[in-house]
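Observations on the model geometry
So the chains spell out like this:
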Amino acid sequence: MNLRHLEFFVELAHTEHMAKAAENLGITQPSLSYAISSIEKELGVPLFEKDGRNIKLSKYGKIYLRYVKAGLADFSKGNTYISELVDTNSGTVRFGFSSAAREIAPVSFKHENPEQHLNFYFEQDVTSVIIQKLLSEKVDLAIVANPDDLESVNLTHLFDQKLYLAVSINSPLAKQDKISVNDLASYPLITYPHINCLRQNIDTFFERAGIEPNISMVLADTAPIMNFVNSDFGVAIVPKSNLINQKEIKFLEIDSKAAINPVYVATKKIISYLLQPNDYLLILKTIIKNKNKTVKALL
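Computed from a predicted structure; not experimentally measured.

All right, on to unusual backbone geometry then. Positioned with a positive phi, Glu 137 is a non-glycine residue whose angle comes to about 60 degrees. Tracing the chain through its elements places Glu 137 in the loop between α6 (127-135) and β5 (141-145). Although it is not a glycine, Asp 232 sits at a positive phi angle of roughly 65 degrees. For Asp 232, the position within the fold is in the loop between α8 (222-230) and β10 (236-239). The partly exposed category is assigned to Asp 232, whose relative accessible area is 41%.

Rendered as C-alpha cells:
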C-alpha cells in the first residue's frame with residue numbers, strides 16, 4: 001500500500017470534497033480518485049459514500065481513518081527519530097544510573113559543545129536492573145556501582161566512593177570522627193536489601209574483614225535509612241552525600257582502605273548505536289574529564 005495514498009485519504013476524509021482535497025494536496029482530481037480507488041480495491045470495502053454533491057466517510061472509512069492517522073503519526077515520529085540518529089549534532093542519549101550516582105549524573109552529563117544539541121533521558125534503579133536495561137538497549141550508557149555482569153558490558157572506572165558510618169548527631173558515636181572495622185559489629189546496622197549493589201559491597205567488606213554485622217533493619221532506599229539513623233535506631237554504611245542533612249547525621253570515617261564503593265561508566269559490548277560511536281566516546285570523555293569536580297564534594 002502506498003504511503004502517499006494514505007495521506008491523500010486522510011486529507012479527503014478531512015475536507016470531504018474531491019476538488020478541495022486535490023487542491024490542498026497539489027495533485028489532480030483524477031490522481032486523487034485513483035489513489036482512493038486503489039486503497040478501496042485492496043481493502044475490498046468502500047471508504048466514502050456520496051452525500052449530495054459532496055462525499056462523506058463510510059462506516060468502514062471512519063474505522064480505517066483512526067488507524068491510518070495513528071500509523072502516519074508513528075511514521076512521522078520514526079522519520080524524525082532516524083533524522084536525529086544520522087545527525088551527529090542532535091539526538092537523545094538515555095542514561096541509567098544507580099543510587100550511587102544520583103548526584104553525579106545531572107552534573108556529569110552537561111555537554112560541553114553547545115553546537116551539539118543532545119537531549120538526555122535519565123532513569124534510576126538498582127545496578128542489576130540498570131545493567132539489564134543496558135543489555136536490552138533501553139538505556140545507552142549507565143553509571144553504576146559494582147556491577148556483576150562483567151562479560152556483557154564495557155566498564156570504564158570513574159572513581160571510588162568512600163564509605164562512611166552514618167550516625168545520628170545525638171548518638172554518643174557522634175563525638176568520634178573515625179571508627180575501627182572491628183567496632184562496627186557492636187552497633188545495629190540499618191542497610192539495604194541484597195539486590196542493592198551497595199549492600200553486596202558492604203557484605204563483601206564485612207566478609208573479608210571476618211566480621212558478622214549486626215543487621216537490625218533492611219530498607220529499600222537511602223532516605224528511609226537516614227530517617228531511622230537520625231532517630232538513633234542504628235547506624236548505616238553509606239557514601240557521603242550532599243543530599244543527606246549533615247545537621248542531623250554525622251559521617252564517621254571507617255578505618256579501612258577497603259571501605260569503598262567502585263563506580264563505573266558502563267556500555268553494552270555489542271550495541272545498536274542510537275548516536276554515532278564518536279558521540280558516545282565524547283560523552284564518556286566528558287564524564288571522565290569532569291569526574292574530579294563532580295565528585296570532589298562526595299569524597
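Let's shift gears to the pairing of strand β11 (residues 249-254). Counting buried positions along β11 gives 5 out of 6 residues, so the element sits mostly inside the fold. Here 5 bridges tie strand β6 (residues 153-168) to β11, and the two strands are oriented antiparallel to one another. Note on β11: the bridge partner recorded for Ser 168 is Ile 249. As paired elements, strand β7 (residues 178-179) and β11 share 2 bridges and run parallel to each other.

Right, let's get into the packing of aromatic side chains. Within this structure, the stated rule accounts for 7 aromatic pairs. The ring of Tyr 164 carries the charged tip of Lys 240 above its face, separated from the ring centre by 4.7 Å.

This part is about helix α7 (residues 197-209). The end-to-end C-alpha distance of α7, which contains 13 residues, comes to 18 Å, matching closely the 18 Å that a straight helix rising 1.5 Å per residue would cover. Within the sequence span of α7, burial applies to Cys 197, Leu 198, Arg 199, Asn 201, Ile 202, Phe 205 and Phe 206. Among the residues of α7, the N-terminal cap falls to Asn 196, whose side-chain oxygen and the backbone nitrogen of Leu 198 are separated by 2.7 Å. Note on α7: the residue one or two positions beyond its end, Gly 210, has a positive phi of about 70 degrees.

Once that is clear, we can look at the packing of helix α1 (residues 3-15) against helix α2 (residues 18-25). Orientation of α1 relative to α2, taken along the N-to-C sense of each, is 130 degrees, at an axis distance of 9 Å. Taken together, the axes of α1 and α2 lie oblique to each other. Crossing hand, α1 versus α2: right-handed. Contacts from Arg 4, Glu 7, Phe 8, Glu 11, Leu 12 and Thr 15 of α1 reach α2 at Met 18, Lys 20, Ala 21, Asn 24 and Leu 25. Among the residues making up the contact of α1 with α2, the classes are represented as 5 nonpolar, 2 polar and 4 charged.

Attention shifts here to the pattern of salt bridges. Note that side chains of opposite charge can pair when their charged atoms are close. One pass over the full model with this rule turns up 6 salt bridges. Here Arg 4 makes a salt bridge to Glu 7, at a shortest N to O gap of 2.9 Å. Here Arg 4 and its partner Glu 7 are both found in helix α1, 3 residues apart, which amounts to about one turn of the helix.

Turning our eyes to something else, we now look at the nonpolar core. Among the nonpolar cores identified, the biggest contains 33 residues, and Leu 165, Leu 184, Phe 206, Ile 225, Met 226, Ile 237 and Ile 254 are the most heavily contacted of them. Contributing elements (two or more residues each) for this core: β6, β8 (189-191), α7, α8, β10 and β11. A total of 5 residues in this core trace back to one element, the largest contributor, which is β6. Among residues more than four places away in sequence, those in contact with Ile 237 are Leu 163, Tyr 164, Leu 165, Leu 184, Leu 189, Tyr 192, Leu 198, Ile 202, Phe 206 and Ile 254. Within the second largest apolar cluster, 20 residues are counted, among which are Ala 13, Ala 35, Leu 65 and Leu 72.

Let us look at the environment of Leu 184. By the element assignment, Leu 184 lies in the loop between β7 and β8. Residue classification places Leu 184 among the buried residues on the basis of a relative accessible area of 5%. For the pair Leu 184 and Leu 165, spaced 19 residues apart in sequence, the C-alpha to C-alpha distance is 8.6 Å.

Moving on: the pairing of strand β9 (residues 215-218). As paired strands, β8 and β9 are joined by 3 bridges and run parallel to one another. The residue of β9 that forms the bridge with Ile 190 is Met 217. This β-α-β element, β8 to α7 to β9, shows right-handed connectivity.

Cut-off values and rules
Residues numbered from 1 in each chain as written. Predicted model: local features only at pLDDT ≥ 70, side-chain atom pairs only at ≥ 80, totals over all residues. Heavy atoms only, no water. Helix = DSSP H or I, 4+ residues; strand = E, 2+ residues; numbered from the N terminus. Buried < 20%, exposed > 50% of the residue type's maximum accessible area, 1.4 Å probe, protein only. Pairing = 2+ DSSP bridges. Phe/Tyr/Trp six-rings, centres within 6.5 Å; stacked < 30°, edge-to-face > 60°. Lys NZ or Arg CZ within 6 Å of the ring centre and 35° of its normal. Expected span 1.5 Å × (residues − 1). Polar contact = N/O pair within 3.5 Å; in protein donor to acceptor, adjacent residues only side chain to side chain. Axes fitted to C-alpha atoms, helices over the stretch in contact; angles between N-to-C directions. Parallel < 35°, antiparallel > 145°, perpendicular 65-115°, else oblique. Left-handed = near helix turned anticlockwise from the far one by under 90°. Contact = heavy atoms within 4.5 Å. Nonpolar A, V, L, I, M, F, W, Y, C, P; charged D, E, K, R; others polar. Salt bridge = Lys/Arg side-chain N within 4 Å of Asp/Glu carboxyl O. Core = buried A, V, L, I, M, F, W, Y, C linked by side-chain atoms within 4.5 Å. Right-handed = clockwise from strand over helix to strand, strands pointing away.

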